[in-house]
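The residues making up each chain are set out below.
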Amino acid sequence: MSQKIFPDALSAIFDLNDGMTLMVGGFGLCGIPENLIAALAKKGVRNLICISNNAGVDGFGLGILLENRQIKKMISSYVGENEEFERQMLSGELEVELIPQGTLATRCMMAGYGIPAFFTPAGVGTEVALGKETRVFGGKEYLMEYAFEADFALVKAWKGDPAGNLIFRASARNFNMPMAMGGKITIAEVEELVPLGCLDPNEIHVPGIYVHRILQGEKFEKRIEQRTVRKH
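All values reported here derive from a predicted model rather than from experimental measurement. (Residues numbered from 1 in each chain as written. Predicted model: local features only at pLDDT ≥ 70, side-chain atom pairs only at ≥ 80, totals over all residues. Heavy atoms only, no water.)

Backbone geometry at Asn-47 places phi at a positive 55 degrees, although glycine is not the residue there. Looking at where Asn-47 falls in the secondary structure, it is placed in the loop between helix H2 (34-43) and strand S2 (48-51). For Asn-47, a relative accessible area of 43% gives the class partly exposed. For Ala-170, which is not glycine, the phi dihedral falls at a positive 50 degrees. Mapped onto the elements of the fold, Ala-170 is located in the loop between strand S9 (166-167) and helix H6 (176-182). (Helix = DSSP H or I, 4+ residues; strand = E, 2+ residues; numbered from the N terminus. Buried < 20%, exposed > 50% of the residue type's maximum accessible area, 1.4 Å probe, protein only.)

Another aspect to go through is the pattern of salt bridges. Scanning the entire structure with this criterion turns up 12 salt bridges. Lys-132 serves as the salt-bridge partner of Glu-145, at 2.9 Å between the closest nitrogen and oxygen. Here Glu-145, found in strand S7 (residues 140-146), pairs with Lys-132, found in the loop between strand S5 (117-120) and strand S6 (134-137); they are 13 residues apart in sequence, far enough to count as distant. Looking at Glu-145, the relative accessible area reads 2%, which means it is buried. Judged by its relative accessible area of 26%, Lys-132 is partly exposed. Taking the shortest distance from any N to any O, the salt bridge between Glu-191 and Lys-222 comes out at 3.0 Å. Within this pair, whereas Glu-191 is found in strand S10 (residues 183-193), its partner Lys-222 is found in the segment after strand S11 (213-216), the two being separated by 31 residues in sequence. What makes Glu-191 partly exposed here is its relative accessible area of 22%. When salt bridges that share partners are traced, they join Lys-73, Glu-97, Arg-107, Lys-132 and Glu-145 into one network. (Salt bridge = Lys/Arg side-chain N within 4 Å of Asp/Glu carboxyl O.)

The strand order S5-S7-S6 describes an open sheet built from three strands, whose pairing is antiparallel. Because the sheet does not close on itself, it has two edges, and the strands there are S5 and S6. Direction aside, the axes of adjacent strands within the sheet are offset by 40 degrees on average. Relative to S7, S6 runs antiparallel, the two sharing four bridges. Considered in S7, the bridge of Val-136 is made with Glu-141. (Pairing = 2+ DSSP bridges. Axes fitted to C-alpha atoms, helices over the stretch in contact; angles between N-to-C directions.)

Glancing now at helix H5 (residues 101-113). Think of an α-helix as 3.6 residues a turn; residues three or four steps apart then line up on the same face. A rise of 1.5 Å per residue sets the reference length of H5, with its 13 residues, at 18 Å; its end C-alpha atoms lie 18 Å apart and thus fit the reference within 8%. Residues of H5 that are buried include every one of Thr-103, Leu-104, Ala-105, Arg-107, Cys-108, Met-110 and Gly-112, and no others. (Expected span 1.5 Å × (residues − 1).)

Of the pairings in the sheet, the one linking strand S8 (residues 150-160) to S10 comprises nine bridges and is parallel in character. When the bridges of S10 are listed, Ala-157 appears paired with Val-190. When S10 meets S11, the two strands line up parallel, connected through four bridges. From the neighbouring strand, Glu-189 faces S11, where its bridge partner is Leu-215.

A word on the nonpolar core. Of all hydrophobic cores here, the largest spans 32 residues; its most connected members are Leu-16, Leu-22, Leu-40, Met-74, Leu-154 and Ile-187. For this core, the secondary structure elements donating two or more residues are helix H1 (9-12), strand S1 (21-24), H2, S2, helix H3 (62-67), strand S3 (71-76) and S8. What Leu-40 contacts, discounting residues up to four positions off in sequence, is Ile-13, Leu-16, Leu-22, Val-45, Leu-65, Gln-70 and Leu-154. Among the nonpolar cores identified, the runner-up in size contains 25 residues, and Ala-105, Ala-157, Phe-175 and Val-206 belong to it. (Core = buried A, V, L, I, M, F, W, Y, C linked by side-chain atoms within 4.5 Å. Contact = heavy atoms within 4.5 Å.)

In this section: the environment of Arg-135. Along the chain, Arg-135 falls in strand S6. As a C-alpha pair, Arg-135 and Leu-65 span 70 residues in sequence and 39 Å in three-dimensional space. Among all residues touching Arg-135, those that are not within four sequence positions of it are Phe-119, Lys-140, Glu-141 and Tyr-142.

What follows concerns helix H4 (residues 83-91). For H4, the complete set of buried residues consists of Glu-84, Phe-85 and Gln-88. Along the axis of H4, the buried residues cluster in a sector spanning 105 degrees; they form a single face. Set apart from the buried face of H4 by more than 90 degrees, the exposed residues are Glu-83 and Leu-90. Elements in contact with the buried residues of H4: H3, S3 and strand S4 (95-98). Among the residues of H4, the N-terminal cap falls to Asn-82, whose side-chain oxygen and the backbone nitrogen of Glu-84 are separated by 3.1 Å. Gly-92, located one to two residues past H4, shows a positive phi value of around 85 degrees. (Arc of directions from axis to C-beta. Polar contact = N/O pair within 3.5 Å; in protein donor to acceptor, adjacent residues only side chain to side chain.)

Remember, this is a structural readout, not a statement about activity or role.
See the structure below:
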């Protein structure tokens, strides 16, 4: 059996400890690593710094860890669906760093590419720019942003193999793809763990060189934040 394969989510996070920085894939509730989040809750690790597009919803996703007071700081671009998040932020219980969504994605990608910093016009002239170095290129001002340094990246894919090659399905690719490439240790839970050689190389989104641990997930709820249907 591949040394990358773990029997369950809890065993895969055996060395994930208090105070670590995590990238957590997903967009809203689409493509979140449900099993790994549940394992974090069960393990009870605390004072986590979580890099994620948003903070889940009350009672699900990263919202579970917020309710358990396991997250010390959220680094996100959107946090509008979580009342507990709002309460903790306004009361000062939770540190929050809001980042433009494109900058958040690029900081993840730069971590995967091994590029320590980059310049972007996003945030110039706003609170985002406070304390940051700026430079002018072609008469336009840019901010210097640093690549993230995350101890772990927790992602969810549709299919994977024992080598760690991953395929994402439709919009669930979202932040999962750049985060899978950006963590010092990347753990992927997959809906289908297939034998080596079953994945078409032309369809692989993240090669196994970036993925250190992989597990077969189970009981995916795949909740939807806001369901709107047409009236009859």
